[in-house]
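Analysis of the macromolecular model
Each chain, written out:
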Amino acid sequence: MGVFHAGSRAVQDRVGVREQADHVGRSVGRGIREIAAAFLELQPLLVVGAAEEGRVWASPLTGAPGFVRATGPDRVSVTGGWLPADPLATAYATPGTPVGTIALDPRTRRRMRLNGRLTPTARGFTIEADQVFANCPKYLQKRESYETVADRRPGEPERTAELTSEQAEFVTAADTFFLATVHEGGADASHRGGNPGFVRVDSPGELSWRDYPGNSMFLTLGNLAADPRAGLLFLDWTTGTALQLTGEAHTEYGEDRRVRFRVREVIETPSALPLRWSAPEYSPANPDPAG
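Here goes a summary of the coordinates provided.

Conventions adopted
- Residues numbered from 1 in each chain as written.
- Predicted model: local features only at pLDDT ≥ 70, side-chain atom pairs only at ≥ 80, totals over all residues.
- Heavy atoms only, no water.
- Helix = DSSP H or I, 4+ residues; strand = E, 2+ residues; numbered from the N terminus.
- Rg over C-alpha atoms; globule rule 2.2 N^0.38 Å.
- Buried < 20%, exposed > 50% of the residue type's maximum accessible area, 1.4 Å probe, protein only.
- Contact = heavy atoms within 4.5 Å.
- Pairing = 2+ DSSP bridges.
- Axes fitted to C-alpha atoms, helices over the stretch in contact; angles between N-to-C directions.
- Phe/Tyr/Trp six-rings, centres within 6.5 Å; stacked < 30°, edge-to-face > 60°.
- Polar contact = N/O pair within 3.5 Å; in protein donor to acceptor, adjacent residues only side chain to side chain.
- Salt bridge = Lys/Arg side-chain N within 4 Å of Asp/Glu carboxyl O.
- Parallel < 35°, antiparallel > 145°, perpendicular 65-115°, else oblique.
- Nonpolar A, V, L, I, M, F, W, Y, C, P; charged D, E, K, R; others polar.

1. Re the overall build of the chain
Secondary structure summary: the chain contains 6 helices and 19 strands in total. A globule of 291 residues ought to have a C-alpha radius of gyration of about 19 Å, and the chain, at 18 Å, matches this closely. If you line up the chain on its principal axes, its C-alpha atoms span 50 × 45 × 40 Å. For the chain, the proportion of its 291 residues judged to be buried stands at 53%. Sequence-distant contacts, at least 24 apart, represent 69% of the contacts inside the chain between residues at least 6 apart.

2. Brief notes about the sheet that holds strand β6 (residues 110-120)
One open sheet holds the 7 strands; their spatial order is β2-β1-β5-β6-β7-β4-β3, and the pairing between them is antiparallel. The strands lining the two open edges of the sheet, one partner per strand, are β2 (55-62) and β3 (68-72). Put simply, the sheet's adjacent strands are angled 35 degrees from each other on average, direction ignored. When strand β1 (residues 45-52) meets strand β5 (residues 98-105), the two strands line up antiparallel, connected through 3 bridges. Looking across to β5, one finds that Gly49 is bridged to Gly100. Packed onto the sheet, helix α3 (residues 34-41) meets β3, β4 (75-79), β5 and β6 and runs at close to 85 degrees relative to β6.

3. Comments concerning the packing of aromatic side chains
Under the counting rule described, the total for this entry stands at 10 aromatic pairs. Every member of this aromatic cluster is reached through a ring pair, and the members are Tyr139, Phe177, Phe198, Trp209, Tyr212 and Phe234.

4. Remarks on the side chain of Ser216
Among the structural elements, Ser216 can be located in the loop between β14 (206-210) and α6 (219-226). Assessed through its relative accessible area of 10%, Ser216 is described here as buried. A polar contact of 3.2 Å, which involves the side chain of Ser216, links it to the side chain of Gln20. Leaving out residues up to four positions away in the same chain, Ser216 has contacts with Gln12, Val17, Gln20 and Ala21.

5. Some details on the pattern of salt bridges
Overall, the coordinates contain 20 salt bridges when judged by the stated rule. The salt bridge partner of Arg260 is Glu206, with a shortest N-O separation of 3.5 Å. Taken together, the residues Arg260 in strand β17 (residues 258-269) and Glu206 in strand β14 connect sequence positions 54 residues apart. Taking the relative accessible area as the measure of exposure, Arg260 reaches 18% and is therefore buried. Because the salt bridges share partners, they merge into one network encompassing Arg200, Asp202, Glu206, Glu252 and Arg260.

6. So, the pairing of strand β15 (residues 229-235)
The buried fraction of β15 amounts to 6 of the 7 residues, a majority that puts the element mostly inside the structure. In this sheet, β15 lies alongside strand β11 (residues 176-183) in antiparallel orientation, the contact comprising 4 bridges. Residue pairing across strands places Phe178 opposite Leu233, the latter belonging to β15. Relative to strand β16 (residues 242-252), β15 runs antiparallel, the two sharing 7 bridges. Paired with Arg229 across the two strands is Glu248, which belongs to β16. Taking the residues between adjacent antiparallel strands as the criterion, β15 and β16 are bridged by 6 residues, where Gly240 takes a positive phi near 85 degrees.

7. A look at unusual backbone geometry
Positive phi outside glycine occurs at Glu53, with the angle close to 50 degrees. One can find Glu53 in the loop between β1 and β2. Positioned with a positive phi, Ser271 is a non-glycine residue whose angle comes to about 50 degrees. In this structure, Ser271 sits in the loop between β17 and β18 (275-277). A relative accessible area of 25% means that Ser271 is categorised as partly exposed.

8. Some details on the pairing of β3
Bridge analysis of β3 against β4 gives 4 bridges, and the strand direction is antiparallel. Across the sheet, Val68 pairs through a bridge with Val78, a residue of β4. Here β3 folds back onto β4, and the loop between the two strands holds 2 residues.

9. Examining the environment of Ser77
Along the chain, the position of Ser77 falls in strand β4. Along the primary structure Ser77 and Ile127 are separated by 50 residues, whereas in three dimensions their C-alpha atoms are 6.6 Å apart. Excluding residues within four positions of it along the chain, Ser77 makes contact with Phe67, Val68, Arg69, Thr71, Phe125 and Thr126.

10. Quick look at the packing of helix α1 (residues 6-15) against helix α2 (residues 18-25)
Relative to each other, α1 and α2 sit at 130 degrees, their axes nearing to 8 Å. By the angle class used here, α1 and α2 are oblique. Touching Arg9, Gln12 and Asp13 of α1 are Arg18, Ala21 and Asp22, all from α2. Of the residues contributing to the contact of α1 with α2, the split by class is 1 nonpolar, 1 polar and 4 charged.

Next up, the structure:
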């Protein structure tokens, strides 16, 4: 399969960036270069996107640096690190599950995406890569450092069909979230960032955000054009709370592109991650969310 499927091509053509997408798409390959392998081994956080029981979720995995590492020219190994009530738990144990992953380092404002198929192992799983590529630091907030809170343990997950008022405040205060999407041949996990307020809660069951200009490949919007199912992950970078949403999304085209997401289920896990990050320095590329 090539870099782009019909959904991505349709969006590229609609926006008029097919030639630019082809140029950028040359950076997407299967191989994990030495610099990419070194980057992965330094990360305490990996976000995974996949489908399970008809719904798409984005889930955080954490561990001491080295819990994610390259074990071959196109293979990575992940050693545990998921939540006790992770909605993707069955996917991690199912051979051949298409997964998308993103490793994001706020300290250096670097991110790397690796998509492929999963094979369970005794201690976690491996991923045979189909697509490996880096993204520019645009819209990525810098956080100078993190610490591991050794005695932090995940609280009891709360499941709801829509956002509570407190969760709505959590979302509108966010400067970062992760977005999982799928298509017939695979899955993808990407990052969205902006100044607080860039994600709008239009109702307890609907969110929306402006789609800021990016690398022109339109992998995420292309997936949504082919399959509207999506999963969102919001993290509290201080308390470790994880807010996971699953539902469907579609793109509205106009003067500014806007993505609308319809909530089907919400899982909030207090103290989900043992990581406590320093305060953010917002990216100078972030537009005014009121604009």
